[in-house]
Each structure stands twice: as structure tokens, then as C-alpha cells.
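Chain and residue survey
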Amino acid sequence: MRRRILSSVLFVIFSAILINAQSDDLKNAYLIADSYFLFEEYADALVEYLKINRADPDNDDVNYKIGICFLNDPYQKEKSIRYLEKASENINFKYKENNWREKSAPPETFFYLGNAYLVNNKIDKALENYKYFLEILDEDIYDVELVEAQIETCERAREYMNAPVDIDLINLGEKINDRYSDINPVISGNDSSMAYISERPFYDVPFYSSFRDREWQRPRDLIPELEVDDDVYPASLSYNGTTMIIYRDDDFIGNLYVSELKDGFWTPMKKLGDNINTKYWESHGSFSRDGQTLYFTSNRKGTNGGLDIYKSERLADGTWGEPANLGKAINTRFNEDTPFITENGKRLYFSSYGHNGMGGYDVFYSELNDNGVWGTPVNLGYPVNTTDDDLFFHPVNNGTSAYFSKYMEEGYGRHDIYYLNIYSDNNPRYYKVSGNLQSELDSISRKDDVITYIIERYSGDTLATTGPDLENQRFETRLTRGHYELVFKSKTYLELVFKIDIDDSSDKSGIDISDQLIFRPIPYEPRIFKGEDSHLTVKEDTIRNVLPGVEMEVSMDVIKGAKLLAELYHDSVLVTTDTFELNKKKFDYKFTPGDNMTNIDLTMVEENGDMNLTEIVVFAKERKTIVSEADESPEDKIEKEREEAEIQEELEQHDTIRSLKKEFIDHSGDEPDTTLTDIDPERPETSFSPAVRIFFAVVSALVLFLFVFYLRNRKNGKKDELS
């Protein structure tokens, strides 16, 4: 029994010793963590706070501080929400700061929780926590204006994110970016050199790279050349890239230094003059294009609050003159930092915690008015700016482009350095509009004479006239946002017209219009050629004094490959219809003329459907009488005259019919009903309709009947006279 009691006593004593030892360890860890926290060494503080949290997870003072540490880690900010939410459930309005026995969280936990939601783009929850903190805060302790400003920031963040700026982000590649954080790029004005910081595990390395052969070269570490053994940060390069301004933390007093590029190497740093560096904090500096003006930031006496932007002019002896504050148009009661002036000196880009931001530092620009006054700063908008801190925006090409470091999931490491194209009305985006040509014939050639008209659809203005790339059978042009008509005209193809609309939803990588570039040939409309225009020619179209009943031939010039339709008429009566394949350029047509007049209607149909019309008229030899005029009786003369009159009447009727036929052909226009495919060489056809042919047959039969009737009456009359 005594042993058991002794064992229990020893256990209690030993446990108390362990508890006291553990308590001492936690207390020491807390004191160490709080010292780091006080000096904003959040990464080191986080390590110690997490040790305490594992032993005492319900310590909401520690949860609150872990949340703030994560909130200051660029790559773990989402973790802050969990710890701050836990701490917000145990708020103590009599919170004791820096007391390791404190287990609750202060009221400002709601403010930091709002920041955590905001930086993670949870705008509604951020607003909820800011507004709640505004209700419970003690105005004697907390800055009401700061909380109200954060509420306005949430509203602006919504607006900016709903109307993003049109930009292109181009990663500078693996020679510059690696698995670490590559940040703070500064570029010479002529784009020939760049300096930046690579955050390595134990120190930050300043690197320098030059641009050759259309790419950035492998960078080199500047520490040996600058002859320093602590952290230094390139702040800017001169326009020609031969002078570098460098920031150095001299025992928590930031100062600006300068180094020169000589013989390809940077000289050891030299501190800028007393007009630039003070006992206060100078965090950044950059040159104008001519190097005679220095824009820098300082929190010296006389600022509007925090860091302000100043300007200093170079004096005749090379030193820098008394600086001037850029004024309240630029500087707010919050920090302004990383100013850069454009090449033309008209725009100043800088980051600010004030003005109309969307969270943390935002990038702004201000334009210099003609009277020398800086205009109201303009927020660059989302996604250049985010709900997090956005610093070191280095403009080039007078602000239409820039170099900037961003954290992107598809990057090489954490932060990567990007080249930005920023599109606006002054720098519109051009969309590549292209497609492969498709023809229903062979490939499109120069002889097709394809011309493209680019027309603004609503005004009807022709913006450009161009043509396709015939070598690659491709069309390509570049258009800004708008509404267009693309009109393709050609000698060979039907006019091709289609509309194209380019807006925010259009594919920025290019618009393919191949499915609309289908060229269809112009349907050929056969023509009719007559008379001198006909491609079918004969030496004589009127032939006289031929022997009736004796076969003869007519030679004519034709087109090889065409077909010939020949219609033969004796005294206007169709006798034969023949079709011939023309295999040569010459053709001899054989026929037998009639007793009086023979007509040959020739129609040559070319392979494209064109029709060529020619007519040949053949007159037989006149009949000879063996009776002389002196021996003719009066009755014979009367009979002869009557016969000649009848023949003449018949000729006139024939001429009338021929003229009607010609008029019919003339009125048919340029769209003949008969084409090459309508002609069947096995089936003779006439050039007249069945009704016309019946009419001619009836007239001929009637004339023949009257003539026979006349001869019979005359013969009977003569018999009566003889009797």
C-alpha cells in the first residue's frame, strides 16, 4: 500500500515537473514568436506559433497571429482564413497584447479576417466582416476611415473584376524564371538589359541579363560585382542601361545607391547624396529618359503620410538638387511606392495603398498636364491589379507594354516575370483573321484576279484592299474590334461576301474563317454570235448559178471540238438536218441544191455552250427557153410574165419568212434555249417549231394546188379556142 501511494506521489511530482517544463518551453516559444512578429518577420514567427498550436490548438491568440502570418505569405494566404475564423469565435474586448497567458483574440481579428477573404477574392464575406468590425470597434483605438476604405475597396474590386482590362501575358521563359520567386524586374529604356531579384531559400539574389539574338540571355549574380555581402535590390536602370539605382537596407534605414556599367561589369555601389538619402526610409528611385530627373520615394518629414513620391533634378556638378514632393494629386496618407516615368516623360506609373484601389497596393498612372500639374491617378484595372499587393510595374513603349512579376499556376515557379501588352483605344488589339482558300475548281491563281475588300459594315467605308497569299492558298489579315464585311471579288468566281464581328468574346489567338472561304465558279452563260461576230465563217454566204441536183460542198472555218448543226431547205421546206463533230479547224459541208433556191442554216455550238450562227443562200441556174422572143406568141409572153411574177412572189414570201426567223433569233437575247447538251447527233431537228413547220407545209400545198388549178384552166381555155 505504501509503495502504491509512493508511486502515485512520485507520478504527480514527475508530471508536474514535465508540465512546468513544457509550460516553460511554450512560454519561450511564444516570446520568440512574438519578437519575430513585432518586427514583421512573419515567416520566422510562423514556425514558432505552429509549435505552440500543435500543443495548444485552442489558443485563439496564437490562432489569430498564425492567421496574420499566413496573410503575409504570398503563397499561403488562403490558409489564413481557417485560423482567423477560429480566432473570431473567441473575441476579448479586454485583450492583453504580448501576454503568453492570453488565450483569446482581439476585436481586430474581424478586420484581418476581412482582409483574408478579400485577398482570396471572397468579396461578400470580406464585406460582412468589415461591416461587423465597424459596428463593434472602439473609435478611440481603431481607424474608422481605414475600415470604411476597405469596404469601398471591396465594391471597387467587384467593378474592376467585372470589366477586366485586355492584356497579354508573355512569360520571359526558363532562362529568367526558375522554381523560385523571380520579382521586381527593372528594364533599360532601350530594352537591352534587365535586373531583377530571385528569392532563394537563404538570401535574395540580384541578377542581371542582357537581350541579344531576340532573347534574354542567362543572367548573372551581381553580388560579386557590387561588392556587398547582404541583401540589395535593383530599383531601376537608366534609359541606356549603363546606370543602376540599388536599394539597400542599412540597419532598417533604407538608402539608395548607384552603380555604373563599365567594360561589361558593374562597379561597386556608391551612396546617392544627402538630398536623396536621409535618416528616414528611401525605398525606391528611377531616372527620366535623359537621366536628369530622379523620381524616388521617402517617408521623410513633410510627407502626406507614409511613403511619398519626390522629384529631384540633377545639378551642373552632377549632384542631385533639393527634392520636391509631387503633391496630393499623387501622394495620399497611405504609402506610394515604385515610381517609373515613361520615355516621353508624360506618364508616371506607381503603386499606391491609397487612391481607388481594389486591395493592397494597386498600380496607377498619372498624366502630366500641359501646365505641369499631375492629373488624377488612374487605376490600371484587373487583372494587372488584384486584391493582393501589386508593385514594381515597369512600363515600356510609353505605357503600352510593361514588365511585371505575377504568381500564376502555369508559371515555372512561384512569381515569374512577364512581358505585358496592354490594349486600349490608344493601343488596340489586332486579331488575326485567317483561313485556307477552298475552290471548287483548281487552286486559285493569279489569273483569277481575286481582290478582298475590308468594309466597315455600318458606315460602308472601305478600310483596306488586299488579296490572298496564292503561294500558300491562304488569306490572312489583322483587324481590331468592330463589325466588318469581307468581300472577295474575282473574274472567275462568284462574289463572296460574309460578315465578321470581333468583340471581347472573340478568340484572341486568332479567328479561323476557312469554312467561309469557299470559292464557287461563276456559272457560264452561253452567248450567241451572228454575222461578223460569228466564229463560224464561210467564204461566201450567197452562191448563185449552181446546177440543181448536183452535189457540191462549201468550205468553212470552224472551232475544233465544237459541234455543227446544218439544216437544209429547198424553197423554204426543210429537207435534211445533220450534226457533225468538228475535229479540225476547217470543215467541208456537202449538199445537193434544189431547183430554185436552197437555204442552209448553220449552228456551231462550242464546248462552253456558245452558239455561232451563219446562213448560206444558194440559187440554181435560171431555166433557158429554146423559143426566141421574136417567135413567142402574145399568149406565151403573157404566160412567161405570169410565171416570173409567181416566182418573184414566192421569193418575197421566202424573204419574209427568213426575216421573221432572224427577228426570232435576235429577240432570243444572250440566253439561248439550245446548248451543246441539247443537240443529239442521232436526232435531226429543225430550227422552227412544229407549228411553224405545219404552216409552211400548208402554204406550200395551197400554192401548188392553185398553180395546178391555173394550168388546168388555161389548158381547157386553149382547147375551147381551138374548137
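Residues numbered from 1 in each chain as written. Predicted model: local features only at pLDDT ≥ 70, side-chain atom pairs only at ≥ 80, totals over all residues. Heavy atoms only, no water.

For the structure shown, the criterion picks out 31 salt bridges. For the salt bridge of Arg-300 with Glu-282, the shortest nitrogen-to-oxygen distance reads 3.3 Å. On the criterion of sequence distance, the pair formed by Arg-300 in the loop between strand 13 (293-298) and strand 14 (308-313) and Glu-282 in strand 12 (residues 282-287) is long-range, its members being 18 residues apart. We note that Arg-300, like Glu-282, is buried. The partner of Asp-501 in a salt bridge is Arg-457, with the nearest N and O atoms 2.6 Å apart. Taken as a pair, Asp-501 in strand 29 (residues 496-502) and Arg-457 in the loop between strand 25 (451-456) and strand 26 (462-466) lie far apart in primary sequence, 44 residues in all. (Salt bridge = Lys/Arg side-chain N within 4 Å of Asp/Glu carboxyl O. Helix = DSSP H or I, 4+ residues; strand = E, 2+ residues; numbered from the N terminus. Buried < 20%, exposed > 50% of the residue type's maximum accessible area, 1.4 Å probe, protein only.)

Here we come to the sheet that holds strand 25. Read across the sheet, four strands follow the order 26-25-28-29 without closing on themselves; strand pairing throughout is antiparallel. A strand with exactly one partner marks an edge of an open sheet, and here the two such strands are strand 26 and strand 29. Within this sheet the neighbouring strands show an average axis-to-axis angle of 20 degrees, counted without direction. Strand direction decides the pairing type here: strand 25 and strand 26, joined by four bridges, are antiparallel. The residue of strand 26 that forms the bridge with Tyr-453 is Thr-465. (Pairing = 2+ DSSP bridges. Axes fitted to C-alpha atoms, helices over the stretch in contact; angles between N-to-C directions.)

What follows covers helix 7 (residues 144-162). Compared with the 27 Å implied by 1.5 Å per residue over 19 residues, the 28 Å span of helix 7 between its first and last C-alpha is a close match. Of the positions making up helix 7, those classed as buried are Val-147, Gln-150, Ile-151, Thr-153, Cys-154, Arg-156, Ala-157 and Tyr-160. Where helix 7 is buried, its residues meet helix 5 (109-119), helix 6 (123-136) and strand 19 (378-379). Taking the backbone nitrogen of Glu-145 as reference, a side-chain oxygen 3.0 Å away marks Asp-143 as the first, capping residue of helix 7. (Expected span 1.5 Å × (residues − 1). Contact = heavy atoms within 4.5 Å. Polar contact = N/O pair within 3.5 Å; in protein donor to acceptor, adjacent residues only side chain to side chain.)

Before going further, it helps to spend a moment on the confidence of the model for the protein. Reading fine detail from the predicted coordinates is not recommended where pLDDT is low. On average, residues of the protein score 86 in pLDDT, and 84% of them reach the 70 mark or higher. Here residues 667-687 scores under 50 on pLDDT; set against residues more than four positions off or in separate chains, the count is 35 contacts. In the model, residues 718-723 has pLDDT below 50 throughout and makes zero contacts with residues more than four positions away in sequence or in other chains. (pLDDT = per-residue confidence, 0-100.)

This brings us to the pairing of strand 22 (residues 415-422). With eight of eight residues buried, strand 22 is to be regarded as a mostly interior element. The alternating pattern of strand 22 places His-415, Ile-417, Tyr-419 and Asn-421 and Asp-416, Tyr-418, Leu-420 and Ile-422 on opposite faces, both of which are buried. As judged from the five bridges shared by strand 1 (residues 167-171) and strand 22, these two strands associate in the antiparallel manner. Across the sheet, the residue bridging to Ile-167 is Ile-422, located in strand 22. Bridge count between strand 21 (residues 401-407) and strand 22: seven bridges; the pairing is antiparallel. In the sheet register, Ala-402 faces strand 22, and the bridge partner there is Leu-420.

To continue, consider the environment of Glu-525. Residue position: Glu-525 is located in the loop between strand 31 (518-519) and strand 32 (528-530). The class of Glu-525 is exposed, set by a relative accessible area of 54%. Between the alpha carbons of Glu-525 and Gly-609 there is a distance of 7.8 Å; along the sequence they are 84 residues apart.

Further remarks concern a negative patch on the surface. A contiguous patch of negative charge on the surface is contributed by Asp-138, Glu-139, Asp-140 and Glu-148. Structurally, the position occupied by Asp-138 is in the loop between helix 6 and helix 7. (Patch = residues over 30% accessible without salt bridge, like charges linked within 9 Å, V, L, I, M, F, W, Y side chains within 5 Å. Areas by Shrake-Rupley, 256 points an atom, 1.4 Å probe, with all protein chains shown as cover. Lys, Arg positive; Asp, Glu negative; His and termini not counted. Charge placed at Lys NZ, Arg CZ, Asp CG, Glu CD.)

Before going further, it helps to spend a moment on the nonpolar core. Within the largest apolar cluster, 42 residues are counted, with the highest numbers of intra-cluster contacts made by Tyr-49 and Tyr-130. For this core, the elements supplying multiple residues, two or more each, are helix 1 (2-38), helix 2 (42-55), helix 3 (60-71), helix 4 (80-87), helix 5, helix 6 and helix 7. In contact with Tyr-130, other than residues within four places in its own chain, are Phe-111, Gly-114, Asn-115, Leu-118, Val-147, Gln-150, Ile-151 and Cys-154. (Core = buried A, V, L, I, M, F, W, Y, C linked by side-chain atoms within 4.5 Å.)

Take the packing of aromatic side chains next. Evaluated as defined, the whole model comprises 33 aromatic pairs. Summarising the aromatic geometry, the rings of Phe-133 and Tyr-142 are spaced 5.1 Å apart at their centres and angled 70 degrees between planes, so their arrangement reads as edge-to-face. When the centroid spacing of 6.3 Å and the interplanar angle of 85 degrees are considered together, the rings of Trp-216 and Tyr-403 count as edge-to-face. Pair noted here: Trp-216 is in strand 5 (residues 215-216) and Tyr-403 is in strand 21, with a separation of 187 residues, a long-range link. (Phe/Tyr/Trp six-rings, centres within 6.5 Å; stacked < 30°, edge-to-face > 60°.)

Right, let's talk about the side chain of Thr-387 for a bit. Turning to its location among the elements, Thr-387 is positioned in the loop between strand 19 and strand 20 (394-396). Within the structure, Thr-387 has its side chain in polar contact with the backbone oxygen of Leu-118 (distance 3.0 Å). If we skip the residues at most four places from it in the chain, Thr-387 touches Leu-118, Val-119, Asn-121, Ala-157, Met-358, Gly-359 and Gly-360.

Right, let's get into unusual backbone geometry. That bond from Tyr-382 to Pro-383 is cis: its omega, 10 degrees, falls within 30 degrees of zero. Its location among the elements puts Pro-383 in the loop between strand 19 and strand 20. Positive phi, close to 60 degrees, is recorded for Glu-227, a residue that is not glycine. Among the secondary structure elements, Glu-227 is positioned in the loop between helix 8 (223-226) and strand 7 (232-237). With phi around 60 degrees, Asn-545 is a residue other than glycine that occupies positive phi space. Its location among the elements puts Asn-545 in strand 34 (residues 542-546). On the accessibility criterion, Asn-545 (52% relative accessible area) is exposed.

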